[in-house]
Amino acid sequence: MIATLFWYVFAAVLLGSAAAVVTARNPVHSVLFLILAFFNAAGLFLLAGAEFLAFILVIVYVGAVAVLFLFVVMMLDVNFAELREGFQRYAPVGAVVGLVLFVELAVFLTGWRVSPSNALLRLSATPAGVSNTAAIGRVLYTDYAFLFQISGLILLVAMMGAIVLTLRERTASRHQDIARQQARDPALSLSMVRVPLGQGVGRSGILRPLPEPALLPAGDDDGHAPTPAAVAADHEAHGGHT
């Protein structure tokens, strides 16, 4: 009784969220309703005893595909006002496509019949000691191993084709040339300086900004930093306070 009640609850929420996916005006809300539909479909799979499909639906579709859709939709700069302006222009085409889909659905529902062997399949005993995940693994990697590998290869080729078609070469952007960097002469960018002890870098012609110019004595006429002796003399002239 409880399982039947949950079945109807999951099915009702699934139908409502699926309808909201295509009727919501905000694409972000559509993706969120799609995630809700996936969760309810996973609940139906659990009630049907297909826990592997339920886990795959939550982990793969909700955790990866739907979240990726959400990120893409949030990053797109969609002008909704411009989209609504062209609604009347494309309304006849949309009406024709919707009518064709409705006719196909009606033909399918009127010609669909329940197979007499369906009841026998429901009454077939589940193999002892074999879970749903292990049974699917045996079927995929034994009876349909070749077809499974072919489908994976087709998806790989489709992914590579999508990357190649959408790849745009940017000629204006700067690229790093490793060979040119390694062949660069260090003498063109580096200068080895020997700094005597106690004099600092100011006497070597290397200028640097002073942290507090008002509190330090002025340097010489060349713009160099003051020497340690000048700093000590200024310190004594101020009575030991800077």
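The structure contained in this document is the topic of the report that follows. Just so it is clear, the structure is predicted and the values come from calculations on it, not from any experiment.

## As for the side chain of Ser 30
One can find Ser 30 in helix 2 (residues 27-47). If near-sequence neighbours (up to four positions away) are discounted, Ser 30 is found in contact with Ala 20, Val 21 and Ala 24.

## Description of a nonpolar patch on the surface
There is a patch of nonpolar side chains on the surface, built from Val 139, Tyr 144, Phe 146, Leu 147, Ile 150, Leu 153, Ile 154, Leu 156, Val 157, Met 159, Met 160 and Ile 163 and spanning about 1,200 Å² of accessible area. With 10 residues, helix 8 (residues 145-166) is the single largest residue contributor to the nonpolar patch. Mapped onto the elements of the fold, Met 159 is located in helix 8.

## Examining the side chain of Asn 40
Note that Asn 40 resides in helix 2. Other than its neighbours up to four places away in sequence, Asn 40 contacts Phe 10, Val 13 and Leu 14.

## Here's the deal with the environment of Ala 54
Within the element layout of this structure, Ala 54 appears in helix 3 (residues 51-75). Take Ala 54: its relative accessible area is 1%, and that puts it in the buried class. Spatially, the C-alpha atoms of Ala 54 and Phe 39 are 8.4 Å apart, while their sequence positions differ by 15 residues. Those residues in contact with Ala 54 that lie beyond four places of it in its chain are Ala 42, Phe 45 and Leu 46.

## Here's the deal with the packing of helix 1 (residues 2-23) against helix 2
Put simply, helix 1 and helix 2 touch, their axes get as near as 8 Å, and they point 155° apart. When the axis of helix 1 is compared with that of helix 2, the two are roughly antiparallel. Read as a crossing pair, helix 1 and helix 2 show a hand that is left-handed. Facing helix 1, whose interface residues are Ala 3, Phe 6, Trp 7, Phe 10, Ala 11, Val 13, Leu 14, Ser 17, Ala 18, Ala 20 and Val 21, helix 2 presents Ser 30, Phe 33, Leu 34, Leu 36, Ala 37, Asn 40, Ala 41, Gly 43, Leu 44 and Leu 47. Grouping the constituent residues of the contact of helix 1 with helix 2 by class yields 17 nonpolar, four polar and no charged.

## A closer look at the nonpolar core
Ile 35, Phe 38, Ala 41, Ala 42, Ala 54, Leu 57, Val 62 and Ala 66 form the largest nonpolar core, which has eight residues in total. Once you skip the residues sitting within four places of it in the chain, Phe 38 turns out to touch Leu 57, Tyr 61, Val 62 and Ala 66.

Criteria and thresholds
Here the residue numbering is sequential within each chain, running from 1 through the sequence in written order. With the structure being a predicted model, the display of local features is reserved for residues of pLDDT at least 70 and the display and counting of side-chain atom pairs for 80 or more, all residues being used for whole-chain, interface and lining totals. Based on all heavy atoms of the structure, the side-chain values leave hydrogens and waters out of the count. Numbering goes from the N terminus for both helices and strands, where a helix is a DSSP run of H or I of at least four residues and a strand is a run of E of at least two. Here, residues are in contact when the closest pair of their heavy atoms is within 4.5 Å. What makes a patch is a set of residues exposed beyond 30% relative accessible area and free of salt bridges, joined within 9 Å when like-charged and within 5 Å when nonpolar (Val, Leu, Ile, Met, Phe, Trp, Tyr). Where accessible areas are quoted, they stem from the Shrake-Rupley method and a 1.4 Å probe; at the residue level, only the protein chains shown are allowed to cover. One speaks of a salt bridge when a side-chain nitrogen belonging to Lys or Arg is within 4 Å of a carboxyl oxygen belonging to Asp or Glu. With a 1.4 Å probe rolled over the protein chains alone, any residue whose accessible area is under 20% of its type maximum counts as buried; one over 50% counts as exposed, and the rest are partly exposed. The axes are straight lines fitted to the C-alpha atoms, using for helices just the contacting stretch, and the angles between their N-to-C directions are given from 0 to 180°. Note that the term roughly parallel is reserved for angles under 35 degrees, roughly antiparallel for angles over 145, roughly perpendicular for angles of 65 to 115, and oblique for everything else. In this scheme the handedness of a crossing depends on how the near helix is turned from the far one: anticlockwise by less than a right angle means left-handed, clockwise means right-handed. For this classification, the nonpolar set comprises Ala, Val, Leu, Ile, Met, Phe, Trp, Tyr, Cys and Pro, the charged set comprises Asp, Glu, Lys and Arg, and every other residue, Gly included, is treated as polar. In these notes, a set of buried Ala, Val, Leu, Ile, Met, Phe, Trp, Tyr and Cys residues joined through side-chain atoms within 4.5 Å is what counts as a nonpolar core.

Nothing here speaks to function; it is all geometry.
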